[in-house]
Amino acid sequence: MHTQQTRGQLLRDLHLAAKTFLMPNAWDGGSARMLASHGFPAIATTSAGIAFSLGLPDYAGAVSRADMLDSIGRVVRAVVVPVSADLEAGYGVEPGQVAETITLAIATGAVGGNIEDFTGDAAAPLFDAALAADRIRAARVAADNSGIPFMLTGRTDCYLAGLDQPFAQAVRRANLYREAGADCLFVPGAADPKVIAELVREIDGPLTVVMGLKGASLTVAQLEDLGVRRITIGGSLARATYGLIRQAAREMALDGTFHYAGGQIPDAELCAFFARHRDQAPTD
């Protein structure tokens, strides 16, 4: 049976195993089912993809917590594999607000989630390190109180925020978050293999990196050799999908042609695919 308890334990086991695993990011039930059908052991959501699907930008606060959780729930209900939720910065500054977000995410059926330290404020792009650690600590308590095995990821945006000496700051923050209760550490923006290898050595916990960004072209095998435990693709698949839509729109508007349709999956094939997977959903 695919209960939330068993899905949570499976996600935990994936992080404890020595093998690197790829956890691609979906933004709705259809994308989740398509990804899960190719054998990925877990799926993550992408806050960017969900925002774009709602016609909104990927900015802090553009999508309400309620709407984000509703979209996460749709992904969870579409697949039997574990789902880790992109919870951005926890939808609140104070640790108690972050804890509440974790509780609500678990109520959707998610068995993992990330909390980032990015503030959205250009003048102070990251939360104070002590506060950021307290936010992770509160998230850990909320997850443990649920009784569900929940993989908490502490994300630090030192590279994406363009900080001076991002490596040193990323290591310091990641280890603080680990001490505060994060199961996995996520440092997006690190793409150089030497930097990634150093992060693996200096961070006291499983490391996640994101591929699909420009300049991040390492393979799964290469990342495994570097010691990375988990790989995600962030919003890159959603952005690629919207790239196709824009390309098709330009073709139709400017040329009056429909060559884009040559790459589509036939209707009957898609209907058959979704019919087969319609009943493959969690039992709880």
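A brief look at the structure comes next.

The rules behind these values
Residues numbered from 1 in each chain as written. Predicted model: local features only at pLDDT ≥ 70, side-chain atom pairs only at ≥ 80, totals over all residues. Heavy atoms only, no water. Helix = DSSP H or I, 4+ residues; strand = E, 2+ residues; numbered from the N terminus. Rg over C-alpha atoms; globule rule 2.2 N^0.38 Å. Buried < 20%, exposed > 50% of the residue type's maximum accessible area, 1.4 Å probe, protein only. Contact = heavy atoms within 4.5 Å. Areas by Shrake-Rupley, 256 points an atom, 1.4 Å probe, with all protein chains shown as cover. Pairing = 2+ DSSP bridges. Right-handed = clockwise from strand over helix to strand, strands pointing away. Salt bridge = Lys/Arg side-chain N within 4 Å of Asp/Glu carboxyl O. Lys, Arg positive; Asp, Glu negative; His and termini not counted. Polar contact = N/O pair within 3.5 Å; in protein donor to acceptor, adjacent residues only side chain to side chain.

Here the focus is the overall build of the chain. Broken down by element type, the chain carries 11 helices and 9 strands. Here the C-alpha radius of gyration of the chain, 19 Å, is about what a compact globule of 284 residues would show, namely 19 Å. Reported as C-alpha extents along the three principal axes, the dimensions of the chain are approximately 55 × 45 × 40 Å. Every one of the 284 residues in the chain was classed for burial, and the buried ones make up 47%. For the chain, restricting intrachain contacts to residue pairs at least 6 apart in sequence, the fraction spanning at least 24 positions comes to 67%. Summing over all exposed atoms, the chain offers an accessible surface of approximately 13400 Å²; the carbon and sulfur share of this is 56%.

Our next topic: the pairing of strand S8 (residues 207–210). Side-chain alternation along S8 places Leu207 and Val209 on one buried face and Thr208 and Val210 on a second face that is also buried. Bridge count for S8 against strand S9 (residues 230–232) is 3 bridges, and the pairing is parallel. Within the sheet, the bridge partner assigned to Val210 lies in S9 and is Thr232.

Along strand S5 (residues 112–116), 5 of the 5 residues are buried, which leaves the element largely enclosed by surrounding structure. Here S5 shows a buried face lined by Gly112, Asn114 and Glu116 and a second buried face lined by Gly113 and Ile115. The pairing of strand S4 (residues 83–86) with S5 spans 3 bridges and is parallel. Of the residues in S5, the one forming a bridge with Ala85 is Gly113. Handedness of the S4-helix H5 (residues 95–108)-S5 crossover: right-handed. As defined by bridge partners, S5 adjoins strand S6 (residues 151–155) across 5 bridges and the pair is classed as parallel. For Gly113, the partnering residue across the bridge sits in S6 and is Leu152. Tracing the backbone out of S5, into helix H6 (residues 129–146) and back to the parallel element S6 gives a crossover that is right-handed.

Enumeration over the complete set of coordinates arrives at 10 salt bridges. Here Asp183 ties to Arg140 by a salt bridge, and the two come within 2.6 Å at their closest N and O atoms. Residue Asp183 is located in the loop between helix H7 (166–180) and strand S7 (184–186), and its partner Arg140 is located in helix H6; the two are separated by 43 residues in the primary sequence. Both residues of the pair, Asp183 and Arg140, count as buried. In this structure, Asp157 and Arg155 form a salt bridge, with 2.6 Å as the shortest nitrogen-oxygen distance. Its relative accessible area of 15% is what places Arg155 among the buried residues. Among the charged side chains, a salt-bridge network with shared partners connects Arg12, Arg140, Asp144 and Asp183.

Take the side chain of Asp86 next. Looking at the secondary structure, you find Asp86 in strand S4. Buried charge without a salt bridge: Asp86, with Arg155 as the nearest opposite-charge side chain at an N-O distance of 5.1 Å. For Asp86, the side chain forms a polar contact with the side chain of Ser47, separated by 2.9 Å. Only 3.1 Å separates the side chain of Asp86 from the backbone nitrogen of Glu88, close enough to count as a polar contact.

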